[in-house]
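Secondary and tertiary structure notes
So you can see what is in the structure, the chains are spelled out below.
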Amino acid sequence: MFRPSLHLQRHQFVVDFVKRNKPKQVVDLGCGECSLLQKLKFHSEIELLVGVDLNGAKLSKKKHVLAPVSTDYLQPTFKQLCVQLYHGSVTQRDVRLRGFDLVTSIELIEHLPLDDLDQFSEVVFGYMAPQTVIISTPNSEFNLLFPGLSGFRHGDHKFEWTRVEFQSWALKACSEYGFKVEFTGVGEPPPGQEERFGFCTQIGVFHRLLDRDRHKSGDDVDNHFSYTLLYSIKYPSLRDHNILRKAVVSEVLYWAEKLKQEWLEELTEKREEENPVEDCVREREEHGGIFWTKGDEHECHMSHRHVSVPLHKLWTGCPKLSELTESLHNLAQLIIDDPQIKLNQDQSAVIICFLEEDLEDDGPNDLMDSGYVEANNMEKELWKTDG
Ligand code: SAM
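Along each chain, the written sequence defines residue order, and numbers are assigned to residues from 1. Per-residue local features are limited, in this predicted model, to residues with pLDDT of at least 70; the limit for side-chain atom pairs, both in listing and counting, is 80 or more; totals at the level of whole chains, interfaces and linings are taken over all residues. By convention in this description, side-chain values take in all heavy atoms of the structure and omit both hydrogens and water.

**A few points about the state of the cysteines**
Throughout, a disulfide means two cysteine sulfur atoms within 2.5 Å of one another. According to the stated counting rule, one finds zero disulfides in the structure shown. C34 supplies the cysteine sulfur nearest to C31, a cysteine that is in no disulfide, at a spacing of 4.4 Å. Only protein chains enter the accessibility calculation, which uses a 1.4 Å probe; a residue is then buried when its area is under 20% of its type maximum, exposed when over 50%, and partly exposed in between. The class of C31 is buried, set by a relative accessible area of 6%.

**Things to note about the site of the ligand**
Here a residue is considered near a molecule or strand provided that any single heavy atom belonging to it is located within 4 Å of it. Taken together, 17 residues form the shell around the ligand, and within it G30, D53, K58, V90 and I106 come nearest. Each polar contact in these results corresponds to two N or O atoms within 3.5 Å; when the atoms are within protein, one needs to be able to donate a hydrogen and the other to accept it, and residues that are neighboring in sequence are counted only if both atoms are side-chain atoms. G30 has a polar backbone atom sitting 2.7 Å from a nitrogen atom of the ligand. Here the accessible surface of atoms and residues is derived via Shrake-Rupley with a 1.4 Å probe, and residues count as covered only by protein chains that are part of the display. For the ligand, whose free accessible area comes to 590 Å², the fraction covered by protein is 83%. Spatially, the ligand is embedded in the largest pocket. Taken together, the residues of the shell around the ligand sort by class into six nonpolar, eight polar and three charged. Only protein atoms enter the 1 Å grid used here, on which a cavity is any set of points holding a 1.4 Å probe that cannot leave and a pocket is any open set flanked by protein within 12 Å on both sides along at least five of seven lines; residues with an atom within 4 Å of a point are listed as lining. Each molecule is assigned to a cavity or pocket provided more than half of its atoms lie within 2 Å of the corresponding grid points. Three categories are distinguished: nonpolar for Ala, Val, Leu, Ile, Met, Phe, Trp, Tyr, Cys and Pro, charged for Asp, Glu, Lys and Arg, and polar for the others, with Gly belonging to the last.

**Quick look at helix α5 (residues 117–128)**
For α5, the buried fraction is high: ten of the twelve residues fall into the buried class. Among the residues of α5, L117, F120, S121, E122, V123, V124, F125, G126, Y127 and M128 are the ones counted as buried. On the buried face of α5, the contacting elements are β1 (25–29), β4 (102–106), β5 (132–138), α6 (163–177), β6 (179–186) and β7 (201–208). Immediately downstream of α5, the backbone of A129 shows phi near 45°, a positive value. A run of DSSP states H or I qualifies as a helix once it reaches four residues; a run of E qualifies as a strand once it reaches two. Both are numbered from the N-terminal end. Whether two residues are in contact is decided by their heavy atoms: any pair within 4.5 Å suffices.

**Focus: the nonpolar core**
By nonpolar core is meant a set of buried Ala, Val, Leu, Ile, Met, Phe, Trp, Tyr and Cys residues that side-chain atoms within 4.5 Å join together. Formed by 34 residues in total, the largest nonpolar core has its most connected members in L29, F120, W169 and F206. Among the secondary structure elements, those contributing two or more residues to this core are β1, β2 (48–53), β3 (82–87), α5, β5, α6 and β6. With residues near it in sequence (within four places) discarded, L29 still touches V52, V90, V103, T104, S105, I106, L108, F120, V124 and M128. Counting residues in each nonpolar core, the second largest holds 33 residues, with V15, V26, C200 and I203 among its members.

**Things to note about the pattern of salt bridges**
A side chain with one charge may pair with a side chain of the opposite charge, provided their charged atoms come close. Salt bridges are identified by distance alone: a Lys or Arg side-chain nitrogen within 4 Å of an Asp or Glu carboxyl oxygen. For the structure on display, the rule yields 13 salt bridges. Between E141 and R163 there is a salt bridge, and its shortest N-O distance comes to 2.8 Å. Pair noted here: E141 is in the loop between β5 and α6 and R163 is in helix α6, with a separation of 22 residues, a long-range link. Overall, E141 belongs to the partly exposed group, its relative accessible area being 22%. In this structure, the salt-bridge partner of R245 is D338, at a minimum N-O distance of 2.8 Å. With R245 in helix α8 (residues 241–271) and D338 in the loop between α12 (328–335) and β11 (349–353), this residue pair connects regions lying 93 residues apart in the sequence. In the salt-bridge network here, residues are joined through shared partners; they are D118, K172 and E176.

**Here's the deal with the layout of surface pockets**
By volume, the largest pocket amounts to about 850 Å³. Looking at the largest pocket, it is lined by 34 residues, and the ones nearest its centre are G30, K58, I106, E107 and H111. For the lining of the largest pocket, the secondary structure elements donating two or more residues are α1 (6–21), α2 (35–40) and β2. If you tally residues by element for the lining of the largest pocket, the top one is α1, at three residues. Of the residues that constitute the lining of the largest pocket, the class distribution is eleven nonpolar, twelve polar and eleven charged. Grid points are joined across faces, edges and corners, and a volume is the space filled by probe spheres set on the points.

This is how it looks when you write it as structure tokens:
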């Protein structure tokens, strides 16, 4: 009947709200199959994303949809995200869910016995006391438009409310717990029948008016831990020093090798010209930073021939490195102790091995041995030239 399906429209309503309002901590009550949480995990502003449901088996079965995927590990970002799933009832208090920015309750309240609704309001509005609550529930007036429907839309529904019924419950909660509410919905009725039927799903968006501390309810000074944590995952983030260091090291190794290869290719071409020595010297000056060394046995034991790539070349040549480290100093600090990276004595350049098979047979040693550069002298010259 609806395109996109009503289920998707409800979730899109929340996603649009999140895009506009950028909450950092979000909990989805009655999260079921975790499909709303799965959509929300892509929103970079959210740092803590929590689901709660009475059906622990369903959560355990579906929790994998919330796990990081391989790109989250291979290309971590500065975004921070922790996802948690709790087994518990929304009629119980749990201190870990207090003070969130957003609580969503999508197609949940109609599954609660009517007698539990006051307790739900007290827990959600009074105890959790988030900034915003989004509650959706069927609009029973719309049921007339479902051919052949008698009774409720779902066998587990304990009630379905008209717009007036939902609104009077919502306004009562607002006056008791210090919120204001806007009513809206998804699932449009046929054109011209809006007044008569309203939306298929009615939605209340509640905004807290009072400071939470000015509206303490009951014994909320006690810490309640009534939910069971079933799943908790912290996504890899570049704000974690070790992850940042690994990302920087891998970029440095990649770019040092890439710059070396580029230079070697150009050098090989020039060797075919008449006066290779001068050309290569010129090349060295043009590149202003990548040069042969005869190696420094104290710094690298693997080979006696190396290529030295100044850090400032890497930092300016690789935009990702400047984005990750913000300064040349930070770059040096991050890689200084990494066992995969060899730095020269004054820590201004990365030393990488020159592998002979990288060059063609006819003469790498000629070039190497013709005395272009002794590592330390060359570096000093180069750094002087480059400022
Ligand atoms: N919110 C989800 C969605 O939009 O797809 C699922 C809605 S499903 C119709 C209702 C969910 O509420 C079920 O997963 C059910 O297990 C859960 N539920 C029912 N009573 C609950 C309670 N007292 N506390 C927490 N969850 C409850």
